[in-house]
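Here are the chains, one letter per residue:
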Amino acid sequence: MQFTAQQIAGLLQGQLEGNADTVITKLAKIEEGEPGAISFLANPLYTPYLYTTKASLVIINKDFVLTGPVSAALLRVESAENAFSTLLEMYNQVKLNKKGISKLAFISESATVGKDIYAGEFSFVGDNAWIGDNVKIYPQVYIGDNAVIGDNTTLFAGVKIYSETTIGKNCIIHSGTVLGSDGFRFNPENDNKKVAQIGNVVIEDDVEIGANCAIDRATLGSTILRKGVKFDNLIHIAHNVEIGENTYYAAAGVVAGSTKIGKNCMFSGQVGIVGHLQVADNTIITAQSGISKSITKPGGVYMGSPAFDANKYRKAYIHFRNLDGIVDRITALEKQNKVAAENKGT
Amino acid sequence: MQFTAQQIAGLLQGQLEGNADTVITKLAKIEEGEPGAISFLANPLYTPYLYTTKASLVIINKDFVLTGPVSAALLRVESAENAFSTLLEMYNQVKLNKKGISKLAFISESATVGKDIYAGEFSFVGDNAWIGDNVKIYPQVYIGDNAVIGDNTTLFAGVKIYSETTIGKNCIIHSGTVLGSDGFRFNPENDNKKVAQIGNVVIEDDVEIGANCAIDRATLGSTILRKGVKFDNLIHIAHNVEIGENTYYAAAGVVAGSTKIGKNCMFSGQVGIVGHLQVADNTIITAQSGISKSITKPGGVYMGSPAFDANKYRKAYIHFRNLDGIVDRITALEKQNKVAAENKGT
Amino acid sequence: MQFTAQQIAGLLQGQLEGNADTVITKLAKIEEGEPGAISFLANPLYTPYLYTTKASLVIINKDFVLTGPVSAALLRVESAENAFSTLLEMYNQVKLNKKGISKLAFISESATVGKDIYAGEFSFVGDNAWIGDNVKIYPQVYIGDNAVIGDNTTLFAGVKIYSETTIGKNCIIHSGTVLGSDGFRFNPENDNKKVAQIGNVVIEDDVEIGANCAIDRATLGSTILRKGVKFDNLIHIAHNVEIGENTYYAAAGVVAGSTKIGKNCMFSGQVGIVGHLQVADNTIITAQSGISKSITKPGGVYMGSPAFDANKYRKAYIHFRNLDGIVDRITALEKQNKVAAENKGT
């Protein structure tokens, strides 16, 4: 990439201060800025770097007041963070703009394939699969029979989509993630025989799933990730789970079978949730916590394993850290009472 | 699939009440039943749906007593759950009945291949590997040199089997799972140099392993999963571990090196077990617990990190939640004693 | 492999006691020794096996004093453990010595490829990628555009390397691991829109990464694993994290975004670390612990979730286990005080 400061100012509709012909060839953090780089300043903690950065152009908020000389050209915009984010995205779209079906891809004759797709080397598309427009199928991806992949969805290298899985539009699935493996269900009344899993996985529009996740198909019906769900890496979702719209789940989370999670929840890393529960909308769960009962009140914050109200947990945990001191206080009381009893006896 | 109610009654050896010619084309949950669907009722909580379902045929237990009119035809059997399970399985077997070796598969000339196998596109079978009859090797599977895959075993898309791994009969391994990677072992007496891992992984008959698990080979000897072991997704098993017959391990579990687990154990999600331990038969471990000492008594239930007897843990945890109140009681006692001491002083 | 005891003695520069012509064809644990096998004795706990083993040759420490007759030939060396380790490594190097570029591999015409590499079937090397000498690329590996793989590095079957990732020399990456997937970052000030991730992953020399790990690229700049880092399986590393030299991380660990970990740390299984922290050199963290604050003092040992000093944690946990007894003591004190107050009242 190569742009002038002037061109970038036009692109981001910002107000330029400094040399309009400055040439920009890369993006960098303000503390790592080099000549030719464009950076941004949004977090006030990084303000000192503005006066020392070697970047050639820095995006700042419109109303930022300088308190010293700056060597970089400046570009003032409504929101420096959003403007830089837009730049990153444009850069990424150019980089990821793969097209064409490789001769080394295998696409079943019975599959339906949309316009302008990318199908990389050694990718596989099964019988009666349906692939929308502008779908990107990276090398070594597997798409099973009857699967559906919506328009503009990207499947990175090595994603495995079992048969009957349905993915919406504008989704991103990262490498190594598996969708549609069998649920973990055995029948204790029938010698623990495997219960066949003939449901599927449904991923709605605008969902992003990180690397090496595993999302099981339903026994019957569907395991569902609703519109806008965002998953980090290494997350396990069991059969018949449903995750509500715009819920965010950080890495290494686990949800057991048939649990229904609400909308707009935020779960930190390594959070586990047992099966057959309901979790209300806007629930927040702190890292490593375990949910063992349904949460019916929306908007709560939970901590611990098993988890309860996070403020109460933090208070209890302060006492836990001090249990040695607490026991000393009890021992002191016991001594006092013993002395008092003895004195009374005398 | 398309069957009449009469045909299904014959298949499941049940007693039909209603129209024998009813046409069945799909399977559904009773609460999601549609015309043409067959459902079942086993859990009493779902009984109300029997009277409202739109399914065309419902399987019920032989001795179920109706308390109102039902629009669906009914099929009475010994166990509705088992009968439906049988149906699911038959459906699944038809769906998964892949055959034939793709021209786009690579099979080493020195490999031995049984009858009626499936080897999908871009799958790889290494030198001197031995593949039994009816084995299903989905696309993009890797089977290293000298590996052995028993009859009727299924390896879903993208499974990676390192060299020397041995898998028994009737096993199912889900996508993304890795068997035979190097154990995590370094020699602290030799500058933390890697200890070469030249053992293997042995999976006995009737084992199922979920998606994206990682099971390391032994340093010397074998890491072993005994007959009938069932693993959920994202489980890590270190070098030289042994898992006893019919033990069930839910998602995201971790077992460190050289630990030996007994038979018929049940471990919930995210359970961790440290290295060089013994865990007795029939042990149950609750979610997110951590086992730090050997368990010698069979049949115990453990909770916590580090874990101890689950009933004791639950009792202690009730007090933990109330530590603030407990400290208040101590503070009150201290005040009483102070007042008493002062009074006495007077 | 087939060697005489004499040849092995020469190889390991040891002193042989017994038949120099003994033929050795395999390696085994001392307790599982068979005729033709070579074993070793380092751990004193295994000493009794020396007098019963069926192995043909046993490596022992130079100064080991026999207390009974031994049927095996003996090889005395400076360190039995190190000598055996050397043998394992030699055996492994022969086994893993794959060479040649398969006709079924895809290597972009714009990629640069070093001498004596192995590129297995269905492996993919993208545009402008740079592959050093003696690199081993197993089947179904994906190496994205502009990636760099240093000399003597091994990528096992199915590893996925996103574009721009840089890997040093002498690294080992196990199957299923993903390097360079997008960081999990969304902009709350902009409707939670995805923040494009245009940084990369940098793996320095002598790093080993286990199976099915997921290491995200940086938003800007690099996510870095320094020289000599060793990772077990199923580890998640978020965007912009840095792991210091020679740090060891056991299975299923999680590090959130932008955290910087020091050198020579040792983290046990399932350890989680929240984002934007600093962790000092030589820090030890016990299994399942969660680090929620920066650790500034080097060499500490931490336990719990949230974690604090491990000795203090263990002390507090002993009291936690006994909370029922502690509450009984408080109740007894309350009764005493009530009786005392009543007596006083009388």
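In what follows, the structure referred to is the one given above.
This structure is a prediction, so every number in the text was calculated from the model and none was measured. (Residues numbered from 1 in each chain as written. Chains lettered and ligands numbered in written order. Predicted model: local features only at pLDDT ≥ 70, side-chain atom pairs only at ≥ 80, totals over all residues. Heavy atoms only, no water.)

Let's shift gears to the relation of the copies chain B and chain C. The two chain copies are connected by a rotation around an axis plus a translation along it. When chain B is fitted to chain C, the residual RMSD is 0.0 Å, and the transformation amounts to a turn of 120° plus an axial shift of 0.0 Å. Look at the turn and shift together and you get a three-fold axis relating the two. (Least-squares fit on C-alpha atoms with pLDDT ≥ 70 in both.)

Before going further, it helps to spend a moment on a nonpolar patch on the surface. Taken together, the side chains of Leu-45, Tyr-46 and Tyr-49 of chain A define a hydrophobic patch exposed on the protein surface, amounting to about 320 Å² of accessible area. In this fold, Tyr-49 of chain A is placed in helix α2 (residues 47-50). (Patch = residues over 30% accessible without salt bridge, like charges linked within 9 Å, V, L, I, M, F, W, Y side chains within 5 Å. Areas by Shrake-Rupley, 256 points an atom, 1.4 Å probe, with all protein chains shown as cover. Salt bridge = Lys/Arg side-chain N within 4 Å of Asp/Glu carboxyl O. Helix = DSSP H or I, 4+ residues; strand = E, 2+ residues; numbered from the N terminus.)

Quick look at the nonpolar core now. One broad rule of soluble globular proteins: the nonpolar side chains tend to lie buried together. Counting 182 residues, the largest nonpolar core has Ile-143 and Ile-273 of chain A, Ile-143 and Ile-273 of chain B together with Ile-143 and Ile-273 of chain C as its most contacted members. Residues in contact with Ile-273 of chain A, not counting those within four places in the same chain, are Tyr-249, Val-254, Val-255, Ala-256, Thr-259, Ile-261, Phe-267, Val-279, Ile-285 and Ile-291 of chain A. Tyr-317, Val-327 and Ile-330 of chain B together with Leu-333 of chain C belong to the second-largest nonpolar core, a separate cluster that totals 36 residues. (Core = buried A, V, L, I, M, F, W, Y, C linked by side-chain atoms within 4.5 Å. Buried < 20%, exposed > 50% of the residue type's maximum accessible area, 1.4 Å probe, protein only. Contact = heavy atoms within 4.5 Å.)

Here the focus is the pattern of salt bridges. Using the criterion set out here, one finds 39 salt bridges over all chains in the structure. In this structure, Lys-98 of chain A engages Asp-145 of chain C in a salt bridge whose closest nitrogen and oxygen atoms are separated by 2.6 Å. In this pair, Lys-98 of chain A sits in the loop between α3 (80-95) and β8 (100-101) while Asp-145 of chain C sits in the loop between β15 (142-143) and β16 (148-149), so the two residues belong to two different chains. By sharing partners, the salt bridges in this structure join Lys-95 of chain A together with Glu-164 and Arg-217 of chain C into a single network.

The next point concerns the environment of Phe-40 of chain A. All names here are of chain A. Following the sequence through the fold, Phe-40 ends up in strand β5 (residues 37-40). Taking the C-alpha atoms as reference, Phe-40 lies 9.3 Å from Leu-74; in sequence the two are 34 residues apart. Beyond its immediate chain neighbours, meaning those up to four positions away, Phe-40 contacts Ile-30, Val-58, Ile-59, Ala-80, Glu-81 and Phe-84.

On to the interface of chain B and chain C. With 70 residues of chain B at the contact, the number on the chain C side is 56 residues. For the chain B and chain C pair, buried surface summed over both sides reaches about 5,000 Å², with 58% attributable to carbon and sulfur atoms. Where chain B packs against chain C, one counts five salt bridges. Note that Glu-89 of chain C is salt-bridged to Lys-193 of chain B, the shortest N-O span being 2.7 Å. There are 28 residue pairs in polar contact (both at pLDDT 80 or more) connecting chain B and chain C. Secondary-structure elements contributing two or more residues to the side of chain B that touches chain C are β21 (178-181), β22 (186-187), β23 (193-194), β26 (214-216), α4 (310-321) and α5 (323-345) of chain B. Looking at which element gives the most residues to the side of chain B that touches chain C, the answer is α5 of chain B, with eight residues. Class assignment for the residues of the side of chain B that touches chain C results in 32 nonpolar, 26 polar and twelve charged. (Buried area = accessible area lost by both parts, 1.4 Å probe. Polar contact = N/O pair within 3.5 Å; in protein donor to acceptor, adjacent residues only side chain to side chain. Nonpolar A, V, L, I, M, F, W, Y, C, P; charged D, E, K, R; others polar.)

Residues and elements named next belong to chain B. Taken together, the two bridges between strand β4 (residues 26-27) and strand β5 (residues 37-40) define a ladder with parallel strand orientation. In the strand pairing of β5, Leu-27 is matched with Ile-38. Where β5 meets strand β6 (residues 57-61), three bridges bridge the pair, whose relative direction is parallel. From the neighbouring strand, Phe-40 faces β6, where its bridge partner is Ile-59. (Pairing = 2+ DSSP bridges.)

Time to look at the environment of Arg-329 of chain B. Structurally, the position occupied by Arg-329 of chain B is in helix α5. Taking the C-alpha atoms as reference points, Arg-329 of chain B and Asp-232 of chain B, separated by 97 residues in sequence, lie 46 Å from one another.

A few words on a positive patch on the surface. On the surface, Lys-293, Lys-297, Lys-312 and Lys-315 of chain A together with Arg-321 of chain B cluster together to form a positively charged patch. Note on Lys-312 of chain A: relative accessible area 58%, which makes it exposed. (Lys, Arg positive; Asp, Glu negative; His and termini not counted. Charge placed at Lys NZ, Arg CZ, Asp CG, Glu CD.)

In this section: helix α5 (residues 323-345) of chain C. Its 23 residues give α5 of chain C an end-to-end C-alpha distance of 33 Å, which sits within 8% of 33 Å, the value for a rise of 1.5 Å per residue. Every buried residue of α5 of chain C is listed here: Leu-323, Ile-326, Val-327, Ile-330, Leu-333 and Asn-337 of chain C. Those residues of α5 of chain C hidden inside the fold are in contact with α5 (323-345) of chain A, α4 and α5 of chain B together with α4 (310-321) of chain C. (Expected span 1.5 Å × (residues − 1).)

This part is about the interface of chain B and chain A. Taken residue by residue, the interface counts 56 residues in chain B and 70 residues in chain A. Surface buried jointly by chain B and chain A totals about 5,000 Å² across both partners, of which 58% is contributed by carbon and sulfur atoms. In this assembly, chain B and chain A are joined by five salt bridges. With a closest N to O distance of 2.8 Å, Arg-329 of chain A and Glu-334 of chain B form a salt bridge.

Residues and elements named next belong to chain A. Across the junction of Ser-305 and Pro-306, the peptide omega takes the value 0°, indicating a cis bond. As for its placement among the helices and strands, Pro-306 is situated in the loop between β39 (301-304) and β40 (307-309). In this model, Asn-128 sits at a positive phi of 60°, which is unusual for a non-glycine residue. Looking at where Asn-128 falls in the secondary structure, it is placed in the loop between β12 (124-125) and β13 (130-131). With relative accessibility at 48%, the residue Asn-128 sits in the partly exposed group.

Residue and element names in this part refer to chain B. The full count for this structure, using the stated rule, is 60 aromatic pairs over all chains. Ring geometry for Phe-231 versus Tyr-249: centroids 5.9 Å apart, planes at 80°, classification edge-to-face. Residue Phe-231 is located in strand β28 (residues 230-231), and its partner Tyr-249 is located in strand β31 (residues 248-249); the two are separated by 18 residues in the primary sequence. One exposure class covers both Phe-231 and Tyr-249, and it is buried. (Phe/Tyr/Trp six-rings, centres within 6.5 Å; stacked < 30°, edge-to-face > 60°.)

Here we take up the sheet that holds strand β31 (residues 248-249) of chain A. All names here are of chain A. Taken in spatial order, the twelve strands make up an open sheet running β8-β11-β14-β17-β20-β25-β28-β31-β34-β37-β39-β40, and their pairing is mixed. Strands with a single pairing partner mark the edges of an open sheet, and in this sheet they are β8 and β40. Two strands pair when backbone bridges link them, and β39 and β40 are joined in this way by three bridges, in the antiparallel orientation. Bridge assignment links Met-303 to a residue of β40, and that residue is Phe-308. Most of the contacts of helix α4 (residues 310-321) go to β40, to which it runs at about 105°, and overall it touches β39 and β40. (Axes fitted to C-alpha atoms, helices over the stretch in contact; angles between N-to-C directions.)

Residue and element names in this part refer to chain B. The strand order β2-β7-β6-β5-β4 describes an open sheet built from five strands, whose pairing is mixed. Two strands lie at the open edges of the sheet, namely β2 (15-17) and β4, each paired on one side alone. Bridge count between β2 and strand β7 (residues 73-77): three bridges; the pairing is antiparallel. In the strand pairing of β7, Gln-15 is matched with Arg-76. Where helix α1 (residues 5-12) meets the sheet, its contacts fall on β2, β5, β6 and β7, and the angle it forms with β7 comes to roughly 10°.

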